[in-house]
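Chain and residue survey
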Amino acid sequence: MHTPHPSQPPSPWVTRWARLIAPGAPVLDVACGSGRHLRWLAAQGHPVTGVDRDAQALAMLAGVGELIEADIEIGPWPLPGRRFGAVVVTHYLWRPLLPTLLASVAEGGVLIYETFAAGNETVGKPARPEFLLRPGELLAACTRPGWRVVAYEDGFLGAPPRFVQRIAAVREADQPGAAPARYPL
């Protein structure tokens, strides 16, 4: 698991697509680490919840929001039934959790996800296949009824060199006959 230093800025992908989060909507940061996104989203006026298994990293976030220490790979999901205006995940992949993450997004909410992809083994870590998304895997997970993929990228970034997939997908409100929502690009 990659835990960035707390002084690292938030991911440009997260900051770009955070505008899709309704003002004041609660946000869940999964595998939040030292909280670069948690802190930034709280500063934008969102009540935040961070989940991570690293108690030391969470201790550095005291007072930022709701913090939950949990190993979500071996234990139960610590937020059953809760929904958020956004779920943010970066540098983390646990495939069995993908359906739970989608279910944790409220109607009108957004999933903002960015992590390593196949090919990364040629430039660094993570290199094990279980930690790398297969081609199109993130897109396939979000291509389902009731979801609108607003942005998706699958490719190589140069600084630092890494292969990534990233997506911004909105769980559309179930309002038959309503005009389609406009998502600014």
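Every value quoted in this text rests on a predicted model; they were computed, and no experiment measured them.

1. Section: the overall build of the protein
A tally of helices and strands in the protein yields five helices and seven strands. From first element to last, N terminus to C terminus, the protein shows the α and β order α-β-α-β-α-β-β-α-β-α-β-β. Since a compact globule built from 185 residues should have a radius of gyration of about 16 Å, the 16 Å found for the protein is in line with a globular shape. Considering only C-alpha atoms, the protein reaches an extent of 50 × 40 × 30 Å along its principal axes.

2. A closer look at the sheet that holds strand β1 (residues 27-30)
Across the sheet, which stays open at both edges, the seven strands sit in the order β3-β2-β1-β4-β5-β7-β6 with mixed pairing between neighbours. Of all the strands in the sheet, just β3 (66-69) and β6 (147-158) have a single pairing partner and so form its edges. For this sheet, the mean inter-axis angle between neighbouring strands, taken without regard to orientation, is 10 degrees. Two strands pair when backbone bridges link them, and strand β4 (residues 84-90) and strand β5 (residues 105-116) are joined in this way by six bridges, in the parallel orientation. Note that in β5 the partner of V88 across the bridge is I112. Packed onto the sheet, helix α2 (residues 36-43) meets β1, β2 (48-52), β3 and β4 and runs at close to 175 degrees relative to β2.

3. Describing the packing of aromatic side chains
If you walk through the whole model with that rule in mind, you get two aromatic pairs. Residue placement shows R19 over the ring face of W17; its charged tip is 5.0 Å from the ring centre.

4. Quick notes on the pairing of β4
With seven of its seven residues buried, β4 lies for the most part within the structure. Between the parallel pair β4 and β5, the chain is carried across by helix α4 (residues 98-103), and the sense of this crossover is right-handed.

5. Focus: the pairing of β6
Within a regular strand, the side chains alternate between the two sheet faces. Pairing of β6 with strand β7 (residues 161-171) involves 11 bridges; the strand directions are antiparallel. When the bridges of β7 are listed, A151 appears paired with A168. Following β6, the chain reverses through two residues before pairing antiparallel with β7.

6. Topic: the pattern of salt bridges
Opposite charge on two side chains permits pairing when their charged atoms draw close. As enumerated under the stated definition, the model contains eight salt bridges in all. Its salt-bridge partner being R166, residue E114 comes within 2.9 Å of it at the nearest N-O pair. Of this pair, E114 sits in strand β5 while R166 sits in strand β7, and the two are 52 residues apart along the sequence. You'll find E114 and R166 in the same group, each marked buried. For R166, the salt bridge is made with E153, and the minimal N-O distance between the two is 2.8 Å. Taken together, the residues R166 in strand β7 and E153 in strand β6 connect sequence positions 13 residues apart. One salt-bridge network, held together by shared partners, links R95, R134 and E137.

7. Considerations on the environment of R144
Inspection of the secondary structure puts R144 in the loop between α5 (137-142) and β6. Remark: the alpha-carbon pair of R144 and G75, spanning 69 residues in sequence, is separated by 27 Å.

8. Notes on unusual backbone geometry
Between K125 and P126 the backbone carries a cis peptide bond, its omega angle lying at 0 degrees. On the secondary structure map, P126 appears in the loop between β5 and α5. Note that the residue after A159, namely P160, is joined by a cis bond; omega there is -10 degrees. Mapped onto the elements of the fold, P160 is located in the loop between β6 and β7. Positioned with a positive phi, A31 is a non-glycine residue whose angle comes to about 55 degrees.

What counts and how
Residues numbered from 1 in each chain as written. Predicted model: local features only at pLDDT ≥ 70, side-chain atom pairs only at ≥ 80, totals over all residues. Heavy atoms only, no water. Helix = DSSP H or I, 4+ residues; strand = E, 2+ residues; numbered from the N terminus. Rg over C-alpha atoms; globule rule 2.2 N^0.38 Å. Pairing = 2+ DSSP bridges. Axes fitted to C-alpha atoms, helices over the stretch in contact; angles between N-to-C directions. Contact = heavy atoms within 4.5 Å. Phe/Tyr/Trp six-rings, centres within 6.5 Å; stacked < 30°, edge-to-face > 60°. Lys NZ or Arg CZ within 6 Å of the ring centre and 35° of its normal. Buried < 20%, exposed > 50% of the residue type's maximum accessible area, 1.4 Å probe, protein only. Right-handed = clockwise from strand over helix to strand, strands pointing away. Salt bridge = Lys/Arg side-chain N within 4 Å of Asp/Glu carboxyl O.

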